[in-house]
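# Close look at the chain arrangement
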Amino acid sequence: MLYSPKRIKLPANGNFKRVPPREPADRQENYLDRFDFDTLFSDVFISDGRVWLIGPPFSNLEKELRACTFNWNWQDVSNEVHFENFDRMSRASFSTDDENGLLEIDGPLGQWTIDVETPPLEFHEANLLVTQQQDNRLEWIAYWALFNVQINGIDSIVIYDNCSELYSAERVDQVLARIPGLKSHMVVKWDTPYGVPGGPNSVWDSDFGQHISWEHCRRAFASSSKTVCIIDIDELPVSSSGTTLPDELCSSASKALFFNRQPIRQYPNRSRRFEGQRVHEDFSLGEKRGAWLASKYIYSPALLPDNAQLLVHRIANLDDSHEPSKNVFAGHFDAIRIRWRHDEKRQVPNVSAPEALREPVEAVTILDKAFDDIHPLWTTLSNSLQRFLDSQGDC
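Structural notes, computed from the coordinates. (Residues numbered from 1 in each chain as written. Predicted model: local features only at pLDDT ≥ 70, side-chain atom pairs only at ≥ 80, totals over all residues. Heavy atoms only, no water.)

So, about the overall build of the protein chain. Secondary structure summary: the protein chain contains 7 helices and 23 strands in total. In summary, the protein chain has a C-alpha radius of gyration of 21 Å against a globular reference of 21 Å for 395 residues, a match within 12%. Dimensions of the protein chain, computed from the C-alpha atoms along their principal axes, are close to 65 × 45 × 45 Å. Counting only contacts in the protein chain whose residues sit at least 6 apart along the sequence, the fraction spanning at least 24 positions is 77%. Measuring between centres, the 41 positive side-chain charges of the protein chain sit 5 Å from its 58 negative side-chain charges. (Helix = DSSP H or I, 4+ residues; strand = E, 2+ residues; numbered from the N terminus. Rg over C-alpha atoms; globule rule 2.2 N^0.38 Å. Contact = heavy atoms within 4.5 Å. Lys, Arg positive; Asp, Glu negative; His and termini not counted. Charge placed at Lys NZ, Arg CZ, Asp CG, Glu CD.)

By the criterion of burial, strand 12 (residues 127-133) is predominantly enclosed, with 7 of the 7 residues buried. Here strand 12 shows no split at all, with Asn127, Leu129, Thr131 and Gln133 on one side and Leu128, Val130 and Gln132 on the other all buried. As paired strands, strand 12 and strand 15 (residues 227-230) are joined by 4 bridges and run parallel to one another. Bridge pairing links Leu128 to Val228 in strand 15. Note: strand 12 against strand 13 (residues 156-161), 6 bridges, orientation parallel. Its bridge partner lying in strand 13, Leu128 is registered against Ser156. (Buried < 20%, exposed > 50% of the residue type's maximum accessible area, 1.4 Å probe, protein only. Pairing = 2+ DSSP bridges.)

Time to look at the nonpolar core. Grouped together as the largest cluster of nonpolar side chains are 54 residues, with contacts concentrated most on Trp144, Phe147, Ile157, Leu176 and Ile179. Looking at this core, the elements that each hand over two or more residues are helix 3 (138-152), strand 13, helix 4 (169-176), strand 16 (235-239), helix 6 (245-252), strand 17 (256-264), strand 22 (328-333) and helix 7 (365-391). It is helix 3 that contributes the most residues to this core, 11 residues altogether. Leaving out residues up to four positions away in the same chain, Ile157 has contacts with Phe123, Leu128, Leu129, Trp144, Ala145, Leu176, Leu182, Ser184, His185 and Met186. The next biggest cluster of nonpolar side chains, apart from the first, holds 37 residues, and it includes Phe86, Val188, Ile230 and Ala308. (Core = buried A, V, L, I, M, F, W, Y, C linked by side-chain atoms within 4.5 Å.)

With that settled, the discussion passes to the pattern of salt bridges. Under the counting rule described, the total for this entry stands at 27 salt bridges. A salt bridge links Arg22 to Asp205, with the nearest nitrogen and oxygen atoms 2.9 Å apart. Taken together, the residues Arg22 in the loop between strand 2 (8-9) and helix 1 (31-34) and Asp205 in the loop between strand 14 (184-189) and helix 5 (208-220) connect sequence positions 183 residues apart. The class of Arg22 is buried, set by a relative accessible area of 2%. (Salt bridge = Lys/Arg side-chain N within 4 Å of Asp/Glu carboxyl O.)

The next subject is the packing of aromatic side chains. Aromatic ring pairs are described here by two measures, namely the spacing of the ring centres and the angle between the planes. Using the criterion set out here, one finds 17 aromatic pairs in the structure. Taking 5.5 Å as the distance between ring centres and 85 degrees as the angle between the ring planes, the aromatic pair formed by Tyr3 and Phe221 counts as edge-to-face. On the criterion of sequence distance, the pair formed by Tyr3 in strand 1 (residues 2-3) and Phe221 in the loop between helix 5 and strand 15 is long-range, its members being 218 residues apart. In terms of burial, Tyr3 and Phe221 fall into one category: buried. Aromatic side chains Phe258 and Tyr297 sit 5.5 Å apart centroid to centroid with 55 degrees between the ring planes, which places their arrangement in the tilted category. Of this pair, Phe258 sits in strand 17 while Tyr297 sits in strand 19 (residues 293-299), and the two are 39 residues apart along the sequence. Across this residue pair, the class does not change: Phe258 and Tyr297 are buried. Ring pairs connect the aromatic residues Tyr143, Phe147, Phe333, Phe371 and Trp378, which therefore count as one cluster. Taking NZ or CZ as reference, Arg50 lies 6.0 Å from the ring centre of Trp52, over its face. (Phe/Tyr/Trp six-rings, centres within 6.5 Å; stacked < 30°, edge-to-face > 60°. Lys NZ or Arg CZ within 6 Å of the ring centre and 35° of its normal.)

With that settled, consider the sheet that holds strand 6 (residues 69-72). If you trace the 4 strands from one edge of the open sheet to the other, you get 7-6-10-11, paired in antiparallel fashion. A single partner strand is all that each edge strand has here, and the edge strands are strand 7 (75-76) and strand 11 (110-117). Summarising the sheet, strand 10 (residues 100-107) and strand 11 pair through 8 bridges and their orientation is antiparallel. Considered in strand 11, the bridge of Gly107 is made with Gly110.

Have a look at this one:
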């Protein structure tokens, strides 16, 4: 299934733009080209008895936004709108008994009329997997989905497709529809810019898009899900205890389970395939120092406090420990990657010999076993998907 957000942008000829927060000395050369000056809200929708408007930080626009008139189905609800600021994300909301309606916003920032709906698919009691991506190879998406369904007990997936150029969001939807064991899925046509990475001095203040999408998913799709795991296409979580990720979380009695990531380097030790199509199962050489990269997590929506914020490596305003699990880690696959945040579409090249890798490596046996277990399924699936895979652009 496909979902198209109703993004609200500031008028191109208006008097207001979002002011970049980063000092000039901390900006990379293309900072202003990639900064999101224009998005007021990334989407407007109804969920859990509220109209939600979720987007980038209000920042310098907040005074004028609060001065706007908000009419819901021709009634003034301006005094009922609750404005909230978070890290690289903000939201406004007000209560409603309606499942759809007309929202009119009028004020110093501009004038908008939006038909607002309830999202068409609710992932009730689902074990949900969520990611944001752009132009990852379709075979990577398919293998990532299959692995997490078969190994991690995932039954539903939401992918925020951030304006991929090598294929359409419809193609991603068609691939996910063919994953055995996947009960439901949503592909969001996410047109909010990713924003700007940390730059030369690692100042992370302008990468709004991902933070907005995690909050959007929590409110639009996942509020009644059993568990939600946020993980990238180049990352595969696995448990050394042989249990699924949702079971690991539920048995912990925690609101969220955090796990570190182990670099899996780009030598295809399992297939010796150096050119052509590649997927995660071609690689299992992990750094000997183990899982040391910053944590990712799986969380229980019902247990999170309302003011909790889903960040990339942690959850803000969560009173639970962020100590990573001893049983769970994720392989972070160097070869299953394009540097899309840096406007590159080319796959990271393989190395020709393990000796060319900078760090000592060894085969990660837990991943080897998981790969062997699902290999027959992957062979059948990849054959059935080949025409879809052939349709994507070159990188």
